[in-house]
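# Commentary on secondary and tertiary structure
Spelled out from the first residue to the last, the chains are:
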Amino acid sequence: MSSEKTDKEYCKCSEANCYCDKAQYNEAEDWERAQLLTHLDKCPKCKDYSERNKKLTELCNKAQLTSLQEEERLELKRLLQENLDK
């Protein structure tokens, strides 16, 4: 087996973490998922990261978080600036 093929089959921890994040939001390509699964089988730190990331995503989904409307965001920014200027 050539080293080039080995490099393509195995990814670095930083790449695995990126693939993990993408997979959580269904944005990972099939090859990224495959590399992630291979990496997680061999790397306990990344496996832990993946499990914690999954739990965080589940909690955020369960909390039904929403973002501020543009008007609310601008008003909050104005109030913060007003208080900083005092």
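Scroll up for the structure.
This write-up is about the structure you can find in this document. A quick note: this is a predicted structure, and the numbers were derived from the prediction, not measured.

### A closer look at the environment of Thr-38
Relative to the assigned elements, Thr-38 resides in helix α3 (residues 30–42). With 27 residues separating them along the chain, Thr-38 and Cys-11 place their C-alpha atoms 8.6 Å apart.

### Quick word on the pattern of salt bridges
Between side chains of opposite charge, pairing is possible as soon as their charged atoms come close. Throughout the structure, instances matching the rule amount to four salt bridges. With a shortest N-O distance of 2.7 Å, Arg-73 and Glu-70 are connected by a salt bridge. Of this pair, Arg-73 and Glu-70 both sit in helix α5 (residues 70–84), three residues apart, roughly one helical turn. Across the pair Glu-82 and Arg-78 runs a salt bridge, and its minimum N-O distance is 2.6 Å. Here Arg-78 and Glu-82 lie together in helix α5, a separation of four residues that amounts to about one turn. The class of Glu-82 is partly exposed, set by a relative accessible area of 39%. Overall, Arg-78 belongs to the partly exposed group, its relative accessible area being 40%.

### Some words on the nonpolar core
A general trend in soluble globular proteins is that nonpolar side chains are found buried together. In terms of nonpolar packing, the biggest core is built from ten residues, these being Cys-11, Ala-16, Tyr-19, Cys-20, Ala-23, Ala-28, Leu-36, Leu-40, Cys-43 and Cys-46. With four residues, the top contributor of residues to this core is helix α2 (residues 13–24). In contact with Leu-40, not counting residues within four places along its chain, are Cys-46, Lys-47 and Ser-50.

### Quick word on α3
A rise of 1.5 Å per residue sets the reference length of α3, with its 13 residues, at 18 Å; its end C-alpha atoms lie 19 Å apart and thus fit the reference within 8%. Of all the residues in α3, the buried ones are Glu-32, Gln-35, Leu-36, His-39 and Leu-40. Looking straight down α3, one finds that the buried residues subtend no more than 135° of arc, so they occupy a single side. Facing away from the buried surface of α3 by more than 90 degrees, the exposed residues are Asp-30, Trp-31, Leu-37, Asp-41 and Lys-42.

### Observations regarding the packing of α2 against helix α4 (residues 44–63)
α4 packs onto α2 with a crossing angle of 25° between their chain directions and a minimal axis gap of 10 Å. The orientation of α2 relative to α4 falls into the category roughly parallel. Seen from above, α2 lies across α4 with right-handed handedness. Residues Cys-13, Ala-16, Asn-17, Cys-20, Asp-21 and Gln-24 of α2 form the contact with α4, whose own contacting residues are Cys-46, Tyr-49, Ser-50, Asn-53, Lys-54 and Thr-57. In terms of residue class, the contact of α2 with α4 is made up of five nonpolar, five polar and two charged.

### Notes on the packing of aromatic side chains
The full count for this structure, using the stated rule, is one aromatic pair. Ring geometry for Tyr-19 versus Trp-31: centroids 5.7 Å apart, planes at 75°, classification edge-to-face. In this pair, Tyr-19 is assigned in helix α2 and Trp-31 in helix α3, connecting sequence segments twelve residues apart. Accessibility expressed as a relative area gives 9% for Tyr-19, which makes it buried.

Cut-off values and rules
- Residues numbered from 1 in each chain as written.
- Predicted model: local features only at pLDDT ≥ 70, side-chain atom pairs only at ≥ 80, totals over all residues.
- Heavy atoms only, no water.
- Helix = DSSP H or I, 4+ residues; strand = E, 2+ residues; numbered from the N terminus.
- Salt bridge = Lys/Arg side-chain N within 4 Å of Asp/Glu carboxyl O.
- Buried < 20%, exposed > 50% of the residue type's maximum accessible area, 1.4 Å probe, protein only.
- Core = buried A, V, L, I, M, F, W, Y, C linked by side-chain atoms within 4.5 Å.
- Contact = heavy atoms within 4.5 Å.
- Expected span 1.5 Å × (residues − 1).
- Arc of directions from axis to C-beta.
- Axes fitted to C-alpha atoms, helices over the stretch in contact; angles between N-to-C directions.
- Parallel < 35°, antiparallel > 145°, perpendicular 65-115°, else oblique.
- Left-handed = near helix turned anticlockwise from the far one by under 90°.
- Nonpolar A, V, L, I, M, F, W, Y, C, P; charged D, E, K, R; others polar.
- Phe/Tyr/Trp six-rings, centres within 6.5 Å; stacked < 30°, edge-to-face > 60°.

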